[in-house]
Amino acid sequence: MTQTLKISLDELAVFGGSPAFAEQLHVGRPNIGDQEKFQARVADILERRWLTNGGPYLEKFEEQIAALAGVKHCIAMCNGTVALEIAIRALGMTDEVIVPSFTFIATAHALQWQEITPVFCDVDPNTHSLDPVKLEQLITPRTTGIIGVHVWGRPCEVEALSEIAKRHQLKLLFDAAHAFCCSHKGQMIGGFGDAEVFSFHATKFINSLEGGAVVTNDTKLAEKIQLMRNFGFTGYDKTEYIGTNGKLDEVSAAMGLTNLESMEEFVDINRRNYKQYQHELSGVKGLSIFEFDESEQCNFQYVVLDVEESETVVNREQLLEILHGENILVRRYFPGCHRMEPYSSRFPQAGLVLPETERLSQRVLCLPTGTAIGPDAVSLICEIIRTVVSQGTEARERILRREMQFGQGARLR
Ligand code: T4K
């Protein structure tokens, strides 16, 4: 990997220099545990010819997830989106369900996929998750549930949401795709609400290649979800409910188990990167890193940079363009579901009642982290960011000139 120290704007790739990194740096590069152990497990799976529809690896994976989340039941699934869809259906949510717009599109799609209208609620600017006061104003006789999202692994206001759900007799589901192995007031994420959903996608801090899970303490609900995951089958040729195929296969479960064995190392590396970004960008005017409560358990899998344009002069989009030029593929998580189809056509005015979501979606950037990113890479990324912000006025003018010259096509991504 080439690592040139950036000292002047002229050296930036967007202004004619060569990229700081010869290879692309991603936000979601997978963490991979002991490859030999994984391969041995795959060999064992092949040898025994039991590939999916239950199996010892799935069973063990589910046991470990339930234990780590401190819940009675874990039903592992082929991905987090299907886990959300099944949980929503099993909970009997219909008509309208309140969700944040500031989340990955899967949270909204899991509802709309089954003709349930996602009603977008604004978020708190500090926590980036559902604002309970605004949420309560959106409840109508058609509301059947709430989905809170523990964005970035920082828990929602679970007490306030639970109290509102109880008072209005609404189902409460948490999208905990980011929050595996995080805690709230000492209790692990997993046991809040009626159920919670994890994602073990390749880009998540613990991955099972693709994968997800519903966790709950409600035994009846768990039984229903288990059946729904497997077409609703209660026995040969006999179904109880409408079901789908949400099963997690044995190789994926083996990958999940293998990665769980390295979990502490993954968290340590994420924490180290997070701290380093925080330290190396501290004091840079207009920039801050989203903070976690370090007295709680946290996976630190997202490093979220906030760009206050009035101070940095160069804005979030311009910074993204410059970093992409350097092969640092920072991501604009999240653009706001209400700005994406089919929701933007259906609710064209939604932005008017989502001011914090609109604001956040234009100012945050996720930075590369995880086991593929070492201290030297973080240093160089921070060096480039500091260089750009310290010459914000000039950087902005040059980017604008470049856009005038080449059009919007000048944008790299
Ligand atoms: N709820 C929330 C709040 C979520 O954030 C998510 C998923 C879900 C629900 C649904 O869970 P799943 O159904 O996915 O289990 C990514 C992930 O695909 C998605 O899982 C994740 N959240 C979301 C925040 O990020 P994209 O479209 O940005 O992913 P993608 O494919 O561009 O990957 C990101 C980067 O990672 C790439 O630029 C390259 C790198 N990468 C990716 C893969 C898959 C690798 O280096 N290797 C790989 O194998 O959505």
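Residue numbers here run from 1 along each chain, matching the order of that chain's written sequence. Per-residue local features of the predicted model are confined to residues with pLDDT of at least 70, and side-chain atom pairs are confined, for both listing and counting, to 80 or more; whole-chain, interface and lining totals are unaffected and use all residues. Calculation of side-chain values draws on the structure's entire complement of heavy atoms; hydrogens and water are dropped beforehand.

A. Local environment of the sheet that holds strand E3 (residues 96–100). Spatially, 7 strands are ordered E2-E10-E9-E6-E5-E3-E4 in an open sheet, and the strand pairing comes out mixed. The open sheet has two edge strands, strand E2 (73–77) and strand E4 (117–121), and neither has a second partner. In this sheet, neighbouring strand axes are inclined to one another by 25 degrees on average, regardless of whether the strands run parallel or antiparallel. Of the strand pairs in this sheet, strand E9 (residues 195–199) and strand E10 (residues 212–216) are connected by 4 bridges, and their pairing is antiparallel. Within the sheet, the bridge partner assigned to Phe-198 lies in E10 and is Ala-213. Only heavy atoms matter for contacts: two residues are in contact if any of them lie within 4.5 Å across the pair. What counts as an axis is a line fitted to C-alpha atoms, over the stretch in contact for a helix, and the angles between N-to-C directions run from 0 to 180 degrees. Secondary structure counts use DSSP, requiring at least four H or I residues in a row for a helix and at least two E residues in a row for a strand, with both numbered from the N terminus. This element, helix H4 (residues 105–112), spans E3, E4, strand E5 (143–149) and strand E6 (171–175) of the sheet and lies at about 145 degrees to E4. The strands that helix H7 (residues 219–229) touches are E2, E9 and E10; relative to E2, the one it contacts most, it runs at about 20 degrees. One requirement defines pairing of two strands: DSSP has to find at least two bridges between them.

B. Local environment of the site of the ligand. The criterion for a residue being near a molecule or strand is simple. One of its heavy atoms has to lie within 4 Å of it. Around the ligand, the surrounding shell holds 26 residues, and the nearest of these are Arg-29, Thr-81, Asp-175, Arg-331 and Tyr-333. We define a polar contact as two N or O atoms separated by no more than 3.5 Å, with the added condition that, inside protein, one atom must be a possible hydrogen donor and the other a possible acceptor, whereas residues neighbouring each other in sequence contribute only through side-chain atom pairs. A distance of 3.4 Å separates an oxygen atom of the ligand from a polar backbone atom of Gly-28. At 2.8 Å, a side-chain N or O of Lys-204 approaches a nitrogen atom of the ligand. Exposure was quantified through the Shrake-Rupley algorithm and a 1.4 Å probe, taking into account, for residues, occlusion by the shown protein chains and nothing else. Starting from 910 Å² of accessible surface for the ligand in isolation, the protein chains cover 77%. Definitions used throughout: a 1 Å grid over protein atoms alone; a cavity as a set of points that fits a 1.4 Å probe which cannot get out; a pocket as an open set with protein on both sides within 12 Å along at least five of seven lines; a lining residue as one with an atom within 4 Å of a point. Just a note on the criterion: a molecule sits in a pocket or cavity if more than half of its atoms are within 2 Å of the grid points. Judged by the proximity of its atoms to the pocket grid, the ligand belongs to the largest pocket. In terms of residues, the shell around the ligand owes the most to one element, helix H3 (residues 80–90), which gives 3 residues. Residues are grouped as follows: nonpolar covers Ala, Val, Leu, Ile, Met, Phe, Trp, Tyr, Cys and Pro; charged covers Asp, Glu, Lys and Arg; every other residue, Gly included, is treated as polar. Of the residues belonging to the shell around the ligand, the class tally is 10 nonpolar, 12 polar and 4 charged.

C. Representation of the packing of aromatic side chains in the model. Two aromatic rings from Phe, Tyr or Trp, using only the six-membered ring of Trp, form a pair when their centres are within 6.5 Å; if the ring planes differ by under 30 degrees the pair is stacked, by over 60 it is edge-to-face, and anything between is tilted. Enumeration over the complete set of coordinates arrives at 18 aromatic pairs. Pairing Tyr-274 with Phe-300 gives two aromatic rings, centres 5.0 Å apart and planes at 45 degrees, and the pair type is tilted. Here the residue Tyr-274 occupies a position in helix H9 (residues 263–281), and Phe-300 occupies one in the loop between strand E13 (287–289) and strand E14 (303–307), the gap between them amounting to 26 residues. Residues Tyr-274 and Phe-300 agree in their burial class; the two are buried. Three or more aromatic residues link up through ring pairs in this structure, and these residues are Phe-102, Phe-104, Trp-152, Tyr-302, Tyr-333 and Phe-334. Put simply, a charge is over a ring when the Lys NZ or the Arg CZ is close to the ring centre, within 6 Å, and near the line of the ring normal, within 35 degrees. Seen from the ring of Phe-15, Arg-398 lies directly overhead, with NZ or CZ sitting 4.4 Å from the centre. Under the scheme applied here, a residue whose accessible area is under 20% of the maximum for its type counts as buried, over 50% as exposed, and between as partly exposed, the area being computed with a 1.4 Å probe on protein chains only.

D. Local environment of the environment of Glu-294. Positionally, Glu-294 belongs in the loop between E13 and E14. With 226 residues separating them in the primary sequence, Glu-294 and Leu-68 have C-alpha atoms 18 Å apart.

E. Examining the sheet that holds E13 more closely. The 3 strands lie next to each other as E13-E14-E16, forming an open sheet whose pairing is antiparallel. Of all the strands in the sheet, just E13 and strand E16 (364–367) have a single pairing partner and so form its edges. Between one strand axis and the next, the sheet turns through 30 degrees on average, direction left out of account. Bridge analysis of E13 against E14 gives 3 bridges, and the strand direction is antiparallel. The residue bridging Leu-287 from the neighbouring strand is Val-307, located in E14. Against the sheet, helix H11 (residues 316–325) contacts E14 and E16, and its axis sits at roughly 25 degrees relative to E16.

F. Main features of the domain arrangement of the chain. Residue ranges for the domains trace back to a domain assignment, done automatically or taken from a database. Domain boundaries assigned for the chain yield domain 1 (9–31 + 263–330 + 368–410) and domain 2 (35–260). One C-alpha centre belongs to domain 1, the other to domain 2, and the line joining them spans 31 Å. Each side of the interface is counted separately: domain 1 has 17 residues, and domain 2 has 25 residues. What counts as buried area is the accessible surface, traced by a 1.4 Å probe, that two parts surrender upon association, with contributions from both included. Both faces considered, domain 1 and domain 2 share a buried interface measuring about 1800 Å² in area, 56% of it formed by carbon and sulfur atoms. Three residues, Met-263, Phe-290 and Tyr-302, lead the burial of domain 1 against domain 2; their summed loss comes to 33% of the area buried on that side.

G. Quick look at unusual backbone geometry. For the bond running from Tyr-333 to Phe-334, omega is -5 degrees, close enough to zero to count as cis. By secondary structure assignment, the location of Phe-334 is in the loop between strand E15 (328–329) and helix H12 (343–346). Between Glu-341 and Pro-342 the backbone carries a cis peptide bond, its omega angle lying at 5 degrees. Structurally, Pro-342 is set in the loop between E15 and H12. Backbone geometry at Val-313 places phi at a positive 65 degrees, although glycine is not the residue there.

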